[in-house]
Amino acid sequence: MASVLEIRDLHVSYRSREGVLCPALNGVSFGLIPGEILGVLGESGSGKSTLAVSLVRLLPGNGEIIRGAVHFEGKDLLQAKLEELQQIRGRRISLIFQEPSLALHPTMRAGEQVRQVLAAHSSQGKSGLNEGTRQVFAEVFPEEVDRILRSYPHQLSGGQRQRVLIAQAIVCGPSVVIADEPTASLDPATQMEILGVFRTLRERLGLAMIFITHNPALLSGFADRVMVLYGGQVVECGPAETVLASPRHPYTKALFQSIPAVSNGRGSSRKTRLPVIPGDSSQSSLPRGGCPFEPKCTERMDICRAREPALVHLGESHVVSCLKYEN
Amino acid sequence: MKIEASGSGQNMQPLLKVENLLKRYAKGSLTGAREELLALDGVSFTIFPGTTLAVVGESGSGKSTLASCLACLESPTTGNIWFEGKDIVKLGERARRQVRPQIQLIFQDPASSLNPRWSVLEILVEPLILQRKFKHEEMKQRANFLLVRVGLSPDIVEQLPTELSGGQRQRLAIARALSLEPKLLILDEALSALDCSVQAQIANLLMELQSSLGMTYLFITHDLAMAAYLADEIAVMNRGRIVEQGPAEKILKQPQHETTLRLLAAVPRITRAALPAVEQ
């Protein structure tokens, strides 16, 4: 199927105060199929948030898109004029951020905050705007529509605030929603609830979604495909069940092993250590010319330092970037 | 509700014994209607030295109020907190100051619990300065010692917290909490804000400190899997009450209360069948 969003060889860097360019994304390519949920998995410093904002060119001042292309509805967003971009942001592609309490205006009612998004992108009259707002609220709050429309953010729970952000994101009927850690600040029960909302919306509205998270467990039973980022590169990508159940890249394997399973009760005498990935991914000084995970990899070979691995196809749609699998 | 001592603590004095703790907040509203919120509603438990009790619950169940009361940051409305045989609720301010250093808190977000304008050294020696028991040179030595203890390099003493990664910051917060040689560490969602691989590193560090220093932990979390991994005993809270309590393994294998079942169901998990066996 044709992709709704196509990213080709995206390179993004940040300029430090000394003027040095620090690469954050290093040749990322992928396509997003209409109606699919793509889970992007990465830890601090993997470039996952940079990816979210660079797709619609909302990078902070010191961020630079070095090269690449983002094809959406027949345009390259990286070359588009600012006016064209403003027509797309929030209307055709919308973003949902992590902290719902920071993303909402504290002294504006929830209904008004969503209505303004709609007003910015449509020429409807007052009653049309109100009707549109009410409809989208009915979508994300099956009960209590009226109370929430009139509530201020502080009167809402974390999960309800996140639903208001979702309402803002979908009110203009976008075809792509990019959500950057939308459930990170919520407790597990609420997290599951919000994932449920996303799935329903996908089914009802046919949205395609890029769901960015550091928690692989959230993607299980939720995402259709999983893409794993490390050091600004795609290290593994494939159908969610395949990648989550039998990861092939050494980094993905190590990451999954570091999460305690529910069945591993420690008991009073047994003290085991969780397997860890040494060091912090955010502190990695990436080796140039070799595999980014090489210094921490338990399966490293001599060749790993010498050249960068290319993406290898393991199955029809399962790719991994590791020299182990190259022939 | 009372629990039996677990493991090695059988014949020991409890380090902490909480009896019937109750905390009521007045919820004033602009219209003048007075409402009351019962954040803690008769909480009782015991922790023995060298063990870990995990308190799990959903948002708003009273977990963090419990932490503030135990760390003497808030006074409970009624109830007793026996720490090493002394009821710290009834102590005067002067006597409380003797107790406070022995109970230390570590918060969820190390980025907001560390002063961004202070160097690592300043952050580490502040508790020592406040205690007025140490000479200048001694303090520097202790700071270095603490950094090594939590797996950081003493070379970072001049750096600012913003120059550290999330995992390094949480290690620094632990080092600061350890600087006064506390007997009880309260970890309020101390792992929740960290990446999975970093969570595992910090969890291992906590276990290591427990076996080498005999630390006692109260681990507050909503992650039942991590609670089961770190704790000897789990207490499940709902609406200010402990609704189920017992050995970690038992809570996981035979959960009784619906809150526990709900929390267990909410633990996101990956299908692990095909995962290779854990090495080490």
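All figures in this text were calculated on a predicted structure; none of them were measured in a lab. The residue numbering used here restarts from 1 in each chain and proceeds along that chain's sequence as written. As a convention, the first chain written is A and the first ligand written is 1, with the rest following in written order. Given that the model is predicted, a residue must reach a pLDDT of at least 70 before its local features are reported, and side-chain atom pairs must reach 80 or more before they are shown or counted; all residues, however, enter totals for whole chains, interfaces and linings.

1. Some details on the overall build of chain A
Moving on, step 1. The secondary structure content of chain A amounts to 12 helices and 12 strands.
Moving on, step 2. For chain A, whose C-alpha radius of gyration is 21 Å, the value lies close to the compact-globule estimate of 20 Å for 327 residues.
Moving on, step 3. Principal-axis analysis of the C-alpha atoms gives chain A an extent of 70 × 55 × 45 Å.
Moving on, step 4. Neighbour density around each residue's C-beta defines its exposure: 20 or more other C-beta atoms within 10 Å make it buried, 12 or fewer make it exposed, and counts between make it partly exposed, where C-beta atoms are placed from the backbone. Here chain A holds 327 residues, and 43% of them are scored as buried. Each helix corresponds to a stretch of at least 4 residues labelled H or I by DSSP, and each strand to a stretch of at least 2 residues labelled E; elements are numbered beginning at the N terminus. What the globule rule says is 2.2 Å times the number of residues to the power 0.38, and the radius of gyration is computed from C-alpha atoms.

2. Focus: the overall build of chain B
Moving on, step 1. From N to C terminus, chain B includes 10 helices and 10 strands.
Moving on, step 2. Counting across all 280 residues of chain B, residues that qualify as buried make up 44%.
Moving on, step 3. In chain B, the share of contacts with a sequence separation of at least 24, taken over all contacts with a separation of at least 6, comes to 68%. By the convention adopted here, residues make contact when the C-beta atoms placed from their backbones lie within 7 Å.

3. Quick look at the sheet that holds strand S10 (residues 233-239) of chain A
All names here are of chain A.
Moving on, step 1. Two strands pair if DSSP finds at least two bridges between them. One open sheet accounts for 8 strands, arranged S6-S7-S8-S3-S9-S10-S12-S11; its pairing is mixed. The open sheet has two edge strands with one neighbour each: strand S6 (93-96) and strand S11 (312-313).
Moving on, step 2. Two strands pair when backbone bridges link them, and strand S3 (residues 37-41) and strand S9 (residues 225-230) are joined in this way by 4 bridges, in the parallel orientation. Residue pairing across strands places Leu-41 opposite Val-228, the latter belonging to S9.

4. Focus on the sheet that holds strand S7 (residues 184-188) of chain B
All names here are of chain B.
Moving on, step 1. Taking strand neighbours across the sheet as the criterion, the 6 strands line up as S6-S7-S8-S3-S9-S10 in an open arrangement whose pairing is mixed. Of all the strands in the sheet, the pair left with one neighbour each is strand S6 (103-106) and strand S10 (241-247). This sheet shows a mean twist of 15° between the axes of neighbouring strands, independent of strand direction.
Moving on, step 2. As defined by bridge partners, S6 adjoins S7 across 4 bridges and the pair is classed as parallel. Fitting a line to C-alpha atoms yields each axis, with helices limited to the stretch in contact; the angle taken between N-to-C directions then spans 0 to 180 degrees.

5. A word on the confidence of the model for chain B
All names here are of chain B.
Moving on, step 1. In the predicted model, chain B carries a mean pLDDT of 86, and 89% of its residues have values of at least 70.
Moving on, step 2. Residue-level confidence of the predictor, termed pLDDT, takes values from 0 up to 100. Counted against residues more than four places away or in other chains, residues 1-9, with its pLDDT under 50, gives 24 contacts.
Moving on, step 3. Contacts for the low-pLDDT stretch residues 272-280, under 50 throughout, to residues beyond four places or in other chains number 12 contacts.
Moving on, step 4. In the predicted assembly, ipTM is 0.77 and pTM is 0.82.

6. Description of the confidence of the model for chain A
Moving on, step 1. Overall, the predicted model of chain A reaches an average pLDDT of 88, with 94% of residues at or above 70.
Moving on, step 2. Highest mean pLDDT in chain A belongs to S3(A) (96); lowest belongs to helix H3 (residues 100-103) of chain A (81).

7. Considerations on the environment of Val140(A)
Residue and element names in this part refer to chain A.
Moving on, step 1. In this structure, Val-140 sits in helix H5 (residues 126-140).
Moving on, step 2. Note on Val-140: 24 C-beta atoms within 10 Å, which makes it buried.
Moving on, step 3. In this structure, the C-alpha to C-alpha distance between Val-140 and Gly-128, residues 12 residues apart in sequence, is 19 Å.
Moving on, step 4. The contact partners of Val-140, leaving out residues within four places of it in the chain, are Arg-163, Ile-166, Ala-167 and Val-197.

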